[in-house]
Amino acid sequence: SSTIHASLQALDLDQAIYHVHFLSPGRVREIEQQRRRFFRTEKQGLLKRPWLSELLLEEVMKKDRRWKLISLVREPVARNISTFFENLEVEERRGGTVFNIKSDYYGFDVDVEIENVQPLIDLFFERLVHDRPLTWFDDEIKAIFGIDVFEGMFPRDKGYKIVAGEYADLLLIRLNELNQCAAVAFREFLGIDGFSLVQTNVGSNKDYAPLYKAFKKEIRLPEDYVNRMYDSRFARYYFSVEEIRQLRETWS
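Treat the numbers as computed from the prediction; the structure is a model and nothing was measured.

Caption draft 1: A look at the pairing of strand E1 (residues 67-73). The alternating pattern of E1 places Trp 67, Leu 69, Ser 71 and Val 73 on a buried face and Lys 68, Ile 70 and Leu 72 on a face that is not buried. Inspection of the sheet shows E1 paired to strand E6 (residues 168-174) by 7 bridges, in the parallel sense. In the strand pairing of E6, Ser 71 is matched with Leu 172.

Shown next as structure tokens:
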């Protein structure tokens, strides 16, 4: 989503562009409570996101304008691993053989060897809210804008879908097809010609990339976890039977 935001900003559209992950009141309150302790510290910038969400929700609830919403869709296991790493502070030690890993969000501070990432895998299972990608569209899109993304079919060969609601239009793009369909999708959705992607916030390019790679190589998911993710309505809607079979093999 950072890539989409940066790409739109690069076009100088003379239009307000907001980048948020949640608008639901309960989630806004939860994040604000977690981050209040950062007020008047070097991390107080982390409070901007829940405050922006709160202000945007007030504007949305007026229902006096039409909103354009854009959301990427990513398979739930890869999304969960990416989200987990997004909330870590990683510092390399001993020439890259050990990493100190802190997380205000998950509440831990540990050293992990690159040759043994199992302690980090254990924390992933213990601390992350794993079902969030399965319920996000109901919690953040249907509940706020009245748009049920699961109505009708998702054109997997096309890679994107546009849904019109009562006071908002939604563009859904599968992350795997983003590079191929972005220009066409944004032309259809926003009437933009010449849209191109400005890649930002890519995990494989970050300082923690070696740790991220080792984590993905070593993690093996229990069968009940795999079933929960890939038997979900979310997975079955956006991904084909063959794609789900391959994803099961990847993570099992």
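Next, the rest of the story.
Caption draft 2: Just the sheet that holds strand E4 (residues 108-113), in detail. Strand order in the open sheet formed by 3 strands is E2-E3-E4, with antiparallel pairing between adjacent strands. The open sheet terminates on both sides in strands that have one partner only, identified here as strand E2 (89-93) and E4. With strand direction ignored, the average angle separating the axes of adjacent strands in the sheet is 20°. The sheet contacts of helix H5 (residues 118-127) involve strand E3 (98-103) and E4, and relative to E4 the element is tilted by about 145°.

Caption draft 3: Molecular detail of the nonpolar core. Formed by 58 residues in total, the largest nonpolar core has its most connected members in Phe 84, Phe 85, Leu 120, Phe 145 and Tyr 238. Not counting chain neighbours up to four residues away, the residues in contact with Tyr 238 comprise Val 73, Phe 137, Val 149, Phe 150, Phe 154, Arg 156, Leu 172, Arg 174 and Glu 243. In this structure, Ile 4, Ile 173, Phe 186 and Phe 195 belong to the second largest nonpolar core, which totals 13 residues.

Caption draft 4: Broad picture of helix H9 (residues 223-230). The complete set of buried residues in H9 reads Tyr 225, Val 226, Met 229 and Tyr 230. All buried residues of H9 project into a common sector of 110° when viewed along the axis, lining one side. Residues Glu 223 and Asp 224 are exposed on H9 and point more than 90 degrees away from its buried face.

Caption draft 5: Summary view of the environment of Ile 173. Turning to its location among the elements, Ile 173 is positioned in strand E6. Measuring from C-alpha to C-alpha, the distance between Ile 173 and Tyr 105 comes to 28 Å, with 68 residues separating the pair along the chain. Aside from chain neighbours lying at most four places away, what touches Ile 173 is Ser 71, Leu 72, Val 73, Gly 159, Tyr 160, Leu 178, Cys 181, Ala 185 and Phe 186.

Caption draft 6: Geometry of the sheet that holds E6. Read across the sheet, 3 strands follow the order E1-E6-E5 without closing on themselves; strand pairing throughout is mixed. A single partner strand is all that each edge strand has here, and the edge strands are E1 and strand E5 (160-164). Each neighbouring strand pair of the sheet contributes to a mean axis angle of 15°, computed without reference to strand direction.

Caption draft 7: Geometry of the packing of aromatic side chains. A full pass over the atoms with the stated rule returns 25 aromatic pairs. Each ring, one from Phe 84 and one from Phe 85, has its centre 5.9 Å from the other, and the planes form 85°; the classification is edge-to-face. Each of the two residues, Phe 84 as well as Phe 85, counts as buried. An angle of 85° between the planes, with centres 5.8 Å apart, marks the rings of Phe 125 and Tyr 225 as edge-to-face. Highlighted residues: Phe 125 in helix H5 and Tyr 225 in helix H9, separated in sequence by 100 residues.

Caption draft 8: Representation of helix H7 (residues 178-190). An ideal rise of 1.5 Å per residue puts 18 Å on 13 residues; H7 reaches only 16 Å between its terminal C-alpha atoms. At Val 184, H7 shows its maximal kink, close to 30°. Here H7 has its buried residues at Leu 178, Cys 181, Ala 182, Ala 185, Phe 186 and Phe 189. The inward-facing, buried residues of H7 abut helix H1 (2-9), E1, E5 and E6. Immediately beyond the C-terminal end of H7, within one or two residues, lies Gly 191, with a positive phi of roughly 70°.

What counts, and at which threshold
- Residues numbered from 1 in each chain as written.
- Predicted model: local features only at pLDDT ≥ 70, side-chain atom pairs only at ≥ 80, totals over all residues.
- Heavy atoms only, no water.
- Buried < 20%, exposed > 50% of the residue type's maximum accessible area, 1.4 Å probe, protein only.
- Helix = DSSP H or I, 4+ residues; strand = E, 2+ residues; numbered from the N terminus.
- Pairing = 2+ DSSP bridges.
- Axes fitted to C-alpha atoms, helices over the stretch in contact; angles between N-to-C directions.
- Contact = heavy atoms within 4.5 Å.
- Core = buried A, V, L, I, M, F, W, Y, C linked by side-chain atoms within 4.5 Å.
- Arc of directions from axis to C-beta.
- Phe/Tyr/Trp six-rings, centres within 6.5 Å; stacked < 30°, edge-to-face > 60°.
- Expected span 1.5 Å × (residues − 1).
- Bend = angle between axes of the 7 residues up to and from the residue.

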